[in-house]
Amino acid sequence: MAILSAPGTTTSDTGRPAAPPPAGPGRTSLGRKVRDNLTGHAFLVGAVLCFTMFSWYPMIRGVVMSFQRTRRGETTWVGWDNYTRIIDDPSFWTAWKNTFSFTVLALVLGYVVPFFVAILLNEFRHAKGYLRILVYLPVMLPPASALFLFKFYAYDPSDAGLFNAILKALHLPTSQWMQSPEMTMPAMVLASTWMNMGSAVLIYLAALQNIPGELYEAAELDGAGLWRRILHVTVPQTRLILALLAMLQIVATMQLFIEPLILANGAGAEDSATSVAYLIYQHGFFQNDLNGAAALGVIMLVVLAGFSAVYVRLTAKQD
């Protein structure tokens, strides 16, 4: 017996209504992508909100404040007046000179020493874990505690200080350390290197262990000594890590703040320890000049951004 169906519908051979056609591939794949990425987008929203509240908004707010002046609760636009006033301050140039001096000394000592310490540790066959913990231990100390240790124990200007006791035992002249304008900067670099080199050493060690041993064996067969192996094998194979850490070292050392604050009580003898970051702190919290502090912060931001752009351009050409 024939089975009649309603107009516009189809029936199967058994007389049952046929299944509806599947949804279009575009609609199904779009819904699946949305469901699959929903959790990831939820996590991204939290990260974006954190960056917006604690990083991007303060940065934009600081730029805006640098063009304003706030007095007795009233804010007015003053254009470049804050920048002109900050640049005309003699402490501005002293702070930049001290900051650049610290950065150069930190590159000479704090950048080179961790690399050679990593090469030395990489040659040990025993007690590697113990030595790595020993090198990394200062990084685990709070920076303020480590600096107070240097200030009251190592840099004591009397003969009871650790460094003066060593110099006296070697029959060398002692030093006033942080009380001497000539020794303030080297003393801060030494303390900063001791505190922070553990992280760089571990990064260098990871890079050194990825160098194929065949390269060193070939260099030894060619008669290369220790220094030639370092210059012609180690340095080229770790070039990218060396360049990256150099940039991070410069950016970090130009934000010098806690070392002069604790070791030199801020400015140091004859303003020998005043840094740009400490000058920002001084304008903002001691002189209640938040607009001037914001202008100085924008100047530092431009300098560091310019250096980073030059670094990226140079490394892109090398690659």
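Residues numbered from 1 in each chain as written. Predicted model: local features only at pLDDT ≥ 70, side-chain atom pairs only at ≥ 80, totals over all residues. Heavy atoms only, no water.

Draft legend 1. Highlighting a nonpolar patch on the surface. A grouping of Leu141, Leu149, Tyr153, Leu162, Ile166, Leu170, Leu172 and Trp194 is seen on the molecular surface, where their side chains present a nonpolar patch of about 710 Å² in accessible area. Put simply, the parts of the chain that give the nonpolar patch at least two residues each are helix 5 (143-154) and helix 6 (162-169). Positionally, Leu170 belongs in the loop between helix 6 and helix 7 (181-208). On the basis of relative accessibility, which here comes to 54%, the residue Leu170 falls in the exposed class. (Patch = residues over 30% accessible without salt bridge, like charges linked within 9 Å, V, L, I, M, F, W, Y side chains within 5 Å. Areas by Shrake-Rupley, 256 points an atom, 1.4 Å probe, with all protein chains shown as cover. Salt bridge = Lys/Arg side-chain N within 4 Å of Asp/Glu carboxyl O. Helix = DSSP H or I, 4+ residues; strand = E, 2+ residues; numbered from the N terminus. Buried < 20%, exposed > 50% of the residue type's maximum accessible area, 1.4 Å probe, protein only.)

Draft legend 2. Here's a closer look at the side chain of Thr193. Note that Thr193 resides in helix 7. With residues up to four places along the chain from it excluded, the contact list for Thr193 reads Leu109 and Gly110. (Contact = heavy atoms within 4.5 Å.)

Draft legend 3. Fine view of helix 10 (residues 239-253). Here helix 10 is 15 residues long and its end C-alpha atoms lie 21 Å apart, about the 21 Å a rise of 1.5 Å per residue gives. For helix 10, the full list of buried residues reads Leu242, Leu245, Ala246, Met247, Gln249, Ile250 and Thr253. (Expected span 1.5 Å × (residues − 1).)

Draft legend 4. Local environment of the confidence of the model for the chain. Looking at the chain, the pLDDT average stands at 84 and 90% of residues meet or exceed 70. When mean pLDDT is taken per element in the chain, helix 2 (residues 81-87) scores highest with 93 and helix 1 (residues 25-65) scores lowest with 80. Here residues 1-12 is modelled with pLDDT under 50, and outside its nearest four sequence neighbours on either side it reaches eight contacts, counting other chains as well. (pLDDT = per-residue confidence, 0-100.)

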